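# Architecture at a glance
Each chain, written out:
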Amino acid sequence: GSIVLSGGVINLETADDGVHALGDLTLSGGEITIAAGDDALNARGVLTVAGGTVDVTRSYEALEASRVSVEQGYVTASAENNGVSAGEDGFVMTGGLMVLSASRCVSSDGVFSATGGWLYMSSDGTDVPMAFADGSAAGGSVVLCSATGDTALLTERGYTYEKDGALWLKTA
């Protein structure tokens, strides 16, 4: 089934997944803090952050779903592997603020699209900071800091580089 979190304060510490939905998972309000041994937020369908505050203090993968959509709200996430792991339906950000710290910040088998909001990514350099099939940033702001400076994959995969503010790439 699907899960909707629309308010309140939730603190989870688990050896496995923090919140796992067999369908869609929607966060539209409230505050959730998760320390997970595996996925902090996992949905077999669509994982949507439409409001509220998400703080993933520890995880293997922070947000994982067939499609990860960030519309509003505030997300901070630390992950050993992927900050966002999106399947064929991709990763779409239309608003909000997301701060990711991971080996690979965003991994998507589908599209990567940032048309609104702010996405800050910090990669520790043990993997490429981003991997996706196709992508663009038009209207959204993406800041990528990589210990290795490996941003070649961005242009290899058709990422649109907007010089006047949509995408900045810098190396640590």
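Quick caveat: nothing in here was measured; it's all calculated off a predicted structure. Numbering of residues starts from 1 in every chain and runs along the sequence as written. In view of the model being predicted, local features appear only for residues whose pLDDT reaches at least 70, and side-chain atom pairs are presented and counted only at 80 or more, with totals across whole chains, interfaces and linings using the full set of residues. Side-chain descriptors were evaluated using all non-hydrogen atoms of the structure, hydrogens and water having been removed beforehand.

### So, the packing of aromatic side chains
To pair, rings of Phe, Tyr and Trp, with the six-membered ring standing in for Trp, must have centres within 6.5 Å; the planes then decide the type, stacked if under 30 degrees apart, edge-to-face if over 60, and tilted in the middle. By the definition in use, this model includes two aromatic pairs. Plain terms: the ring middles of Phe-91 and Phe-112 are 5.5 Å apart, the flat faces sit at 25° to each other, and that makes the pair stacked. We call a residue buried when its accessible area falls under 20% of the maximum for its residue type, exposed when it is over 50%, and partly exposed in between, using a 1.4 Å probe and counting protein chains only. Judged by its relative accessible area of 0%, Phe-112 falls in the buried class. Arranged with centres 5.8 Å apart and planes meeting at 10°, the rings of Trp-118 and Tyr-120 form a pair that is stacked. Note on Tyr-120: relative accessible area 33%, which makes it partly exposed.

### Comments concerning the environment of Val-111
Along the chain, the position of Val-111 falls in strand S6 (residues 61-123). Judged by relative accessible area, which is 33%, Val-111 ranks as partly exposed. In this structure, the C-alpha to C-alpha distance between Val-111 and Asp-89, residues 22 residues apart in sequence, is 7.0 Å. What counts as a helix is a DSSP run of H or I of at least four residues, what counts as a strand is a run of E of at least two, and both are numbered from the N terminus.

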